[in-house]
Amino acid sequence: MPRLIIDDIPVEVPEGTNVLEAARSLGITIPHFCWHPALGKAGACRVCAVKMLDGPVKGLQMSCMLTAQNGMVVSTTDDEAVAMRRSVIEWLMINHPHDCPVCDEGGECQLQDYTIAGGHGIRRYDGLKRTHVNQDLGEQVAHEMNRCIQCYRCARFYQEYAGGTDFGVTGHAAGVYFGRLQNGRLESPFSGNLVDICPTGVFTDKTARFRARYWDYEMAPSVCPHCSLGCNTIPMARYRELLKVTARRNDAVNGWFICDRGRFSNSTVNATDRPRQAMVDGQPFSMDDALDGLVERLSEFLELHGPGSLAIVGSPRMSHEGNIMAARLAEMLGAGTVSYFGDVVHAERTIEAVSLLHAGNSASQEDVRHADLIAVMDCDLQDEAPMMALAVRQAWRDGAQVFSVGSECPINSAQQQLFDSTAVSSLSDVPLASAVRPLIICGTRHKGLEQIRAAAASSVRLAFILEGPNTWGCAQLAFEHEAQPFSQTVADKRVKGIISLEADLPAEMLDGIRVLGAADWRQTGPLARAEVVLPTCAWVEQDGTFINHEGRAQRFKQVMRPGLPIKGLNREHHPPRMHRHDAPGGDILPAWQIVAELIKRLGGEQINNPLDAIWAELQGLSAEGPGVLLNREK
Ligand code: FES
C-alpha cells in the first residue's frame, strides 16, 4: 500500500488509488468535474491540479490522473496549483452563460460552488460566447447545452456505464455537443442519472423544473419502493408535493445511481384524488370517528360470525412496521388468518426463495457488480429490477460471462444494449464451476419451485428478484405467523370479512366477502369496496423500514407532512379562510399507527413502536448507513 504525504498529512491508501481519492480519504476536497467515483478519470476538465513537491513525480499534475505512489509529497494549497485551478474556472466560465439566477441547478451546482470557492468574480474576456441549440429530450430531462463544460460525464455514464446508444458526443475541440442525433425522448431506463451526474445545469429534472431551489426542499434519506432491490434515494418535496427524487449513495446496494422508475414515479403520491379522506359508508368522517366506526363494526362482526371469520391482510408494499402490526391485530382478535400475499403461487415461491437465502449465499447488487460469471434465470431483469440489470452490465464490462437461463429470460434489444449473454435452456448448461465468483440471479414471478431450488442447490451466491419493497419481510412474517395466502383463505370459505392494509387484492377474490375496513394511500380494489376507508401515509410521509430482496433492512425517514399539495388545492381550501393546524387532506396516519389505534380502542395495549421481539434489533437502525443484513447463518 503506497504511503504519501498530502498537505503535510501522511496517508496510506490501497494500491491503485489516485491522488484525488487519497486526498478525499483525508477529508481534503480537490475541485473536480470530470472525475466521478463510479466513472473514474477522464482528465478532461483540468481543474483538479495539485503541486507535487517531492517523490517520483514533480510539478503541477492532475490529481485524478495520478496514481498514488510511495514517497509522493503533495500540496493542494500551493500557489501555483491554486492559480491553475482558478485559471481553469475562468476559462470554463468564458462560454458559460452566467445564468445562475434562472438556472434550475442553482444551489446544487458544482460549477457554481467551485467558481465561488475559487474567487472568480470578474469577467476579463469580452468576446462572444459560444452558443448551442438545445434539444427536446422528452418529458423527464431538460437540456441546456450552453452551460456545458465538456467534462464528458454524461456521455461516459450514458454510453459506458448504462449502455445507452441514442445519446453521446459529437463535434471536436471546443465545438463538442452532448445530445442525441435528433430531438426525442432519451431511451435509456437510467437517463435520469444525467441530472445527478452533470456538474452544471445542462441536464435538469424537467418534472420539477422551476418549482424550488435546493434550500427550499424538504428532504430525508429514503428507500425506493418500486421493486425489491431497495435502492437508496433522497426524495425532495415542497409545499406537500413530492417534486423530485435523486439517487443516494449506498455502495452495497445501488452504488451512485437509480433507475428512471424510481426517479420519476411521483404522481401517485401527489395525486389530488388519492385517498385522503376517511369515509364510513361513503360519507366523510374524521380519522378519529372512522376508527371508532370500524371498531364498532368489527365488534358486531366478531359477535355475529366469530373471530375465525375475519382475515387481516397485509402487503409487501407496506412498511415492515405495518406488516408486523397486521400480525399483532390478528393475534389479538384471534382472527382466522393473517395474509401477506394474494395468491398461493406467489406466496409459495417467495417464501421458498427467502427460506433458501442465508448469510453465506445472499448476494447484493455490489456482489453482482463484482461477479465473474452470472446466470440470469427466469426473470426479465429490466422490467422486474432495472438496477440489477445495470449491476450485471458492470460485471459484464469487467469481463464476466453472462448466461440467460430459461424461456422467461427475454434477450430483447433493451437487454442486448446492456450486456451480451448466452442463452441456455437449463442451469446445468452454465459452467458455474469454472468461475471464481459465480452468481445466480433468479426470478420468482414465472417458474415453479424447482427452478428456485435448483438455483439454491448450486451453492453459489444468489439474488432472488422478489416483487415488492418489503417482500422479504412479509415472507419472514408469513413463516413466523403461519400466514395463509389470501386466495387460499377465500378457497377455504371460512372468511366472511377482512381488514385490508395496503393490500392489492383483485376484485374477484373479494366476491361475497365484507371489506370491513381498508387502509391505503392508493386507490385499490379493497378500498373501493370498504365500509370504512382509512387513508394512510405514503412512504415519504412517514418513518419506516423496508427489507430488500437480499434481507437487508433499511430505514426510510419522513420527507414531508401529509396533505393535499398546495398546487392542487381548489378555491375551497386556498387561500385558507380560517387558521388550522392540520393541512387539508392531512388527517391521515401511517398504516402501522392505524392498526395501533385499532388495537388500543379494542382494549389492547398502547403500542408506540412495532419493532419489538425478534425485530427489536432494527430499533436503532440509522437511515444513513448501509442497512443491516438479517439473513441467518446457515
Ligand atoms: Fe481531474 Fe477533471 S477531475 S481533470
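Note that the structure is predicted; figures quoted are calculated from it, not measured.

A. How the structure looks around the overall build of the protein chain. Within the protein chain, the regular secondary structure consists of 19 helices and 28 strands. Its C-alpha atoms give the protein chain a radius of gyration of 27 Å, near enough to 26 Å, the size a compact globule of 634 residues would have. Across its three principal directions, the C-alpha atoms of the protein chain cover 85 × 70 × 50 Å. Relative to its 634 residues, the protein chain shows a buried fraction of 58%. Residue pairs at least 24 apart in sequence account for 66% of intrachain contacts in the protein chain once pairs closer than 6 positions are excluded. Accessible surface for the protein chain amounts to roughly 26100 Å². Of this, 50% is attributable to carbon and sulfur atoms. Taken as two groups, the 60 positive and 76 negative side-chain charges of the protein chain have centres that lie 5 Å from each other.

B. Focus on the packing of aromatic side chains. Under the defined criterion, the tally for this structure stands at nine aromatic pairs. Judged by centre distance (5.7 Å) and plane angle (20°), the rings of Phe 157 and Tyr 161 are stacked. Of the two residues, Phe 157 and Tyr 161 both sit in helix α4 (residues 153-161), four residues apart, roughly one turn of that helix. You'll find Phe 157 and Tyr 161 in the same group, each marked buried.

C. Geometry of the sheet that holds strand β19 (residues 401-405). With parallel pairing, the five strands of this open sheet are ordered in space as β20-β19-β18-β21-β22. The strands lining the two open edges of the sheet, one partner per strand, are β20 (422-424) and β22 (461-465). Recorded for the sheet is a direction-independent mean angle of 20° between the axes of neighbouring strands. Summarising the sheet, strand β21 (residues 438-443) and β22 pair through five bridges and their orientation is parallel. Bridging from a neighbouring strand, Ile 440 pairs with Leu 462 of β22.

D. Spotlight on the pattern of salt bridges. Tallying each qualifying case throughout the model produces 34 salt bridges. Notably, a salt bridge pairs Arg 369 with Glu 366, separated by 2.9 Å at the nearest N-O pair. One end of the pair is Arg 369 and the other is Glu 366, both in helix α11 (residues 365-369) and three residues apart, which spans about a single turn. The class of Arg 369 is buried, set by a relative accessible area of 10%. A salt bridge links Asp 543 to Lys 557; the shortest N-O distance between them is 3.5 Å. With Asp 543 in the loop between β25 (532-535) and β26 (544-547) and Lys 557 in the loop between β27 (552-556) and α19 (591-601), this pair connects stretches of sequence that are 14 residues apart. Since its relative accessible area comes to 37%, Asp 543 is described here as partly exposed. Among the residues examined, Lys 557 registers a relative accessible area of 33% and is labelled partly exposed.

E. Spatial organisation of the environment of Arg 393. Tracing the backbone through its elements, the reader meets Arg 393 in helix α13 (residues 386-397). Not counting residues up to four positions away in its chain, the partners in contact with Arg 393 are Gln 159, Glu 160, Tyr 161, Ala 162, Gly 163, Gln 417, Leu 418 and Phe 419.

Cut-off values and rules
- Numbers given to residues run from 1 along each chain, matching the order in which its sequence is written.
- Totals for whole chains, interfaces and linings use all residues, but because this is a predicted model, local features are given only for residues with pLDDT of at least 70 and pairs of side-chain atoms are given and counted only at 80 or more.
- Only heavy atoms go into the side-chain values, all of them from the structure, while hydrogens and water stay out.
- The secondary structure listing takes helices from DSSP runs of H or I that are at least 4 residues long and strands from runs of E that are at least 2 residues long, numbered from the N terminus.
- The globule rule used here is 2.2 Å times the number of residues to the 0.38 power, and the radius of gyration it is set against is calculated over C-alpha atoms.
- For every residue, the accessible area obtained with a 1.4 Å probe (protein chains only) is divided by the maximum for its type, and the residue is called buried under 20%, exposed over 50%, and partly exposed between those limits.
- Throughout, a contact is declared for two residues whenever any of their heavy atoms are within 4.5 Å.
- Each accessible area value is a Shrake-Rupley result obtained with a 1.4 Å probe; residue values ignore everything except the protein chains displayed when judging cover.
- Working convention for charge: Lys and Arg count positive, Asp and Glu count negative, and His plus the chain ends are omitted.
- Charge coordinates come from a single atom per side chain, which is NZ of Lys, CZ of Arg, CG of Asp or CD of Glu.
- Pairing of aromatic rings covers Phe, Tyr and the six-membered ring of Trp, with a centre-to-centre limit of 6.5 Å; geometry is then stacked below 30 degrees between planes, edge-to-face above 60, and tilted otherwise.
- What makes two strands pair is DSSP finding at least two bridges between them.
- Here an axis means a line fitted to C-alpha atoms, over the contact stretch when the element is a helix, while the angle between two N-to-C directions is reported on a 0 to 180 degree scale.
- Salt bridge criterion: a side-chain nitrogen from Lys or Arg within 4 Å of a carboxyl oxygen from Asp or Glu.

Function-wise, these values are silent; they only describe arrangement.
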